[in-house]
Amino acid sequence: MERSGPFSKKIFIQRDYSYGTAVRFSSEFPQELRGKIGEREFQETIDEINVIFEEAEAYNCQRYGEGCLACLTGYTIHFCFKTHYQKCTERAARYIQERNYHIFERHGVLMGDPMDRGLRCIEVNITYDGDQ
Amino acid sequence: MTQRKWRVFPGNNRFYCNGLLMSSTQVAVFLFVIVAVIVTACLFFAFDCRFLIQYVHPGTIPLALIGLLGAFYVLMFLLKAGCTDPGFIPRARQDEAHYNQGLGEPDPNTTSTGYVGGTPSKYRTVEIHGQQIKLKYCVTCNMFRPPRASHCGLCNNCVENFDHHCPWVGNCVAKRNYRYFYLFLVSMCIMGLYVMSINITVMVLASRMVGFVNALKTYPATVIEFFISGFAVIAVFGLACYHTQLIATMKTTNEEIKNTFRTSQNPYRQHNVLKNFCITICGPFPPSLIDRRGFVKDEEHHGVDYGATNPIMMDPEQRSMQDTADTSSQLPLTTSTDNN
Ligand SMILES: [Zn+2]
Ligand SMILES: [Zn+2]
């Protein structure tokens, strides 16, 4: 099929449920990104996002302590302070922006914040030049 | 044109204070429960505590303080359970919906039974801890429901870790408010028993002073409190036990009722009972996904129109083309370029 001019395409990186319902994204390299960015760069990004979410949902004594404290205050503490999870989602968003700015954008790839899609998937916008 | 997202939220919910608070559309029972708790607490302080402090001993002030603290917790847990986003999953916009459709496996059973004009119902299988789990496609939310999520008919939205839709708190009970709901049940139970035991104490002491019949006449508030608390304890105690058992085995009411794990092991179960309780009650606080105070972007605004064009099954080639076309239904599918 003949194509003229640049065109764009959206792909959605799905969740990886193999470790349960914890937030994890599939680091399988999508075919659409072949030739745009390196497989290693892509996997690095997804792995880092997964690490951030793993930390957000980690169970340890500090988290339990924070949970207990919030409970003892009748959860009024959440009006004043952000939860650990919120900080982590913001960190993930910042990280994705950074990666877009430093690596992806110049290859015509733009990764979205997973929170925009309800943590169901990560939106990736790919712009192809028309001549391929 | 900047509009907050709660204004275009497609589920059956009400929002207050510019999206800060939310509830379902049926709040009458919820308000009744709140009023009953407040009235009982006020009667308790105005009559029982005053009687104990004035006529029995000033040293009974701590009993009143415990009551105050208990009432605070019951009300906070109740309000949190009723006014928190239970874990609604935002519906997929058109672009994602088209993509999602391509992920499904065609299901031979549904072609004969329904969905003649629309989308055939589809499934997608994922593996969780080595177990095959079928994810069902939600036609309303345009996505494959994540594991443990379910579509609440009353809220008309998919909810993460759906437990049940509770008419008493007027909200779905699910991932984000399950702990508040459980703590409400437990605190309600304890406070009900506490108030009842103080009521009995007051009655016994007052009977000694003026006789039983006169005590009933002098302190009718105590009798009213006793019956309200008694009713509350009867209503809540069984439920609290049931949910204690569910938390211990890390199941939801929905899974228990549907007997989801009758043939297989529960793949979401944690190691031991204590850990299950810690995770459920003190674990991380997942954020609200619907971002109700965020602003609608123009791009999203076009995608909000769900009902009109149900995405149809397309091959990936065509799908990508439709994504680039803005108001897709008008444009021919063969348009492959994006003039930007
Ligand atoms: Zn749904
Ligand atoms: Zn509901």
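Just so we're clear, the structure is a prediction, and the values are computed from it rather than from any experiment.

Draft legend 1. Here's a closer look at unusual backbone geometry. Within the chain, Asn142 of chain B stands out as a residue other than glycine whose phi angle is a positive 60°. Phi at Arg148 of chain B is positive, roughly 75°, even though this residue is not glycine.

Draft legend 2. Spatial organisation of the interface of chain A and chain B. Taken together, the contacts link 45 residues of chain A with 52 residues of chain B. When the buried area of chain A at its contact with chain B is split by residue, Tyr17, Tyr75 and Arg120 of chain A rank highest and sum to 18% of it. Scanning the region where chain A abuts chain B turns up four salt bridges. For Arg117 of chain A, the salt bridge is made with Glu96 of chain B, and the minimal N-O distance between the two is 3.5 Å. At the boundary of chain A with chain B, the tally comes to eight residue pairs in polar contact (both at pLDDT 80 or more). In terms of residue class, the side of chain A that touches chain B is made up of 20 nonpolar, 14 polar and 11 charged.

Draft legend 3. Looking closely at the UniProt feature "domain: Golgin subfamily A member 7/ERF4" (unreviewed entry) in chain A. In the UniProt entry, the feature "domain: Golgin subfamily A member 7/ERF4" (unreviewed entry) is given for residues 11-123 of chain A. In residues 11-123 of chain A, the share of helix is 45% and the share of strand is 9%. The end C-alpha atoms are 6 Å apart.

Draft legend 4. Region of the structure containing the environment of Leu43 of chain B. All names here are of chain B. In this structure, Leu43 sits in helix H1 (residues 28-56). Taking relative accessible area as the criterion, Leu43 reaches 19% and is therefore assigned buried. A C-alpha to C-alpha distance of 6.3 Å links Leu43 and Ala221, two positions 178 residues apart in sequence. Setting aside chain neighbours within four positions, we find Leu43 in contact with Asp48, Ala221, Ile224 and Glu225.

Draft legend 5. Structural view of the UniProt feature "domain: Palmitoyltransferase DHHC" (unreviewed entry) in chain B. Under the UniProt annotation, the feature "domain: Palmitoyltransferase DHHC" (unreviewed entry) is placed at residues 133-259 of chain B. Measuring from the first to the last C-alpha atom of residues 133-259 of chain B gives 14 Å, for a span that is 60% helix and 16% strand.

Draft legend 6. Representation of the side chain of Ser288 of chain B. Residue placement: Ser288 of chain B occurs in the loop between helix H9 (273-282) and helix H10 (298-303). Of the polar contacts made by the side chain of Ser288 of chain B, one reaches the side chain of Asp85 of chain B; its length is 2.5 Å. Those residues within four positions of Ser288 of chain B in sequence are excluded, and the remaining contacts are Met115 of chain A together with Asp85 and Arg176 of chain B.

Draft legend 7. Spotlight on helix H7 (residues 220-249) of chain B. Residues and elements named next belong to chain B. The end-to-end C-alpha separation of H7 is 44 Å, in line with the 44 Å expected for 30 residues at 1.5 Å each. By the largest-angle criterion, Val236 marks the main kink of H7, which is about 30°. Regarding H7, the residues found buried are Ala221, Thr222, Glu225, Ser229, Gly230, Ala232, Val233, Val236, Ala240, His243, Leu246 and Ile247. If you follow the buried residues of H7, they end up packed against H1, strand E9 (164-166), helix H5 (178-210), helix H8 (253-258) and H9. Once H7 ends, the next one or two residues include Met250, with phi positive near 55°.

Draft legend 8. Here's a closer look at the domain arrangement of chain B. Residues and elements named next belong to chain B. Domain boundaries in chain B define domain 1 (5-89 + 163-282) and domain 2 (94-109 + 118-145). Distance between the C-alpha centres of domain 1 and domain 2: 38 Å. Taken residue by residue, the interface counts five residues in domain 1 and five residues in domain 2. Interface of domain 1 and domain 2: buried area, both sides summed, is about 430 Å²; carbon and sulfur atoms make up 63% of it. The three residues of domain 1 that bury the most area against domain 2 are Ile89, Pro267 and Tyr268, which together make up 82% of that side's buried surface. Connecting domain 1 to domain 2 are zero salt bridges. Inspection of the domain 1/domain 2 interface yields zero residue pairs in polar contact (both at pLDDT 80 or more). Broken down by class, the residue content of the side of domain 1 that touches domain 2 amounts to three nonpolar, two polar and no charged.

Draft legend 9. Spatial organisation of the UniProt feature "transmembrane region" (unreviewed entry) in chain B. Residue and element names in this part refer to chain B. As recorded in UniProt, the feature "transmembrane region" (unreviewed entry) lies at residues 20-47, 59-79, 180-206 and 218-242. A distance of 37 Å separates the end C-alpha atoms of residues 20-47, which is 71% helix and 14% strand. Measuring from the first to the last C-alpha atom of residues 59-79 gives 32 Å, for a span that is 90% helix and 0% strand.

Draft legend 10. Layout of the nonpolar core. Counting 50 residues, the largest nonpolar core has Tyr75 of chain A together with Phe77, Leu78, Val169, Phe181, Phe184 and Met188 of chain B as the members making the most contacts within it. Broken down by element, the residue count for this core peaks at 16 residues, all from H5 of chain B. Residues Phe12, Phe25, Phe53 and Ile96 of chain A belong to the second largest nonpolar core, which totals 33 residues.

Draft legend 11. Seen up close, the coordination of the zinc ion (ligand 1). Residue and element names in this part refer to chain B. Here the zinc ion (ligand 1) is held by Cys138 (SG), Cys141 (SG), His151 (ND1) and Cys158 (SG), and the distances to it run 2.0 to 2.3 Å. For the zinc ion (ligand 1), the four donor atoms in the first shell make angles of 107 to 114° at the metal, a pattern classed as tetrahedral. On the basis of relative accessible area, Cys138 is assigned to the buried category, the value being 1%. We classify Cys141 as buried; its relative accessible area is 0%.

What counts, and at which threshold
- Residues numbered from 1 in each chain as written.
- Chains lettered and ligands numbered in written order.
- Predicted model: local features only at pLDDT ≥ 70, side-chain atom pairs only at ≥ 80, totals over all residues.
- Heavy atoms only, no water.
- Contact = heavy atoms within 4.5 Å.
- Buried area = accessible area lost by both parts, 1.4 Å probe.
- Salt bridge = Lys/Arg side-chain N within 4 Å of Asp/Glu carboxyl O.
- Polar contact = N/O pair within 3.5 Å; in protein donor to acceptor, adjacent residues only side chain to side chain.
- Nonpolar A, V, L, I, M, F, W, Y, C, P; charged D, E, K, R; others polar.
- UniProt positions renumbered as here; feature names shortened; annotations may be inferred.
- Helix = DSSP H or I, 4+ residues; strand = E, 2+ residues; numbered from the N terminus.
- Buried < 20%, exposed > 50% of the residue type's maximum accessible area, 1.4 Å probe, protein only.
- Expected span 1.5 Å × (residues − 1).
- Bend = angle between axes of the 7 residues up to and from the residue.
- Domains from an automatic or database assignment.
- Core = buried A, V, L, I, M, F, W, Y, C linked by side-chain atoms within 4.5 Å.
- Donors = N, O, S within 2.8 Å, 3.2 Å for Na, K, Ca; no water.
- Tetrahedral: all angles 85-135°; square planar, octahedral: opposite > 155°, others 65-115°.

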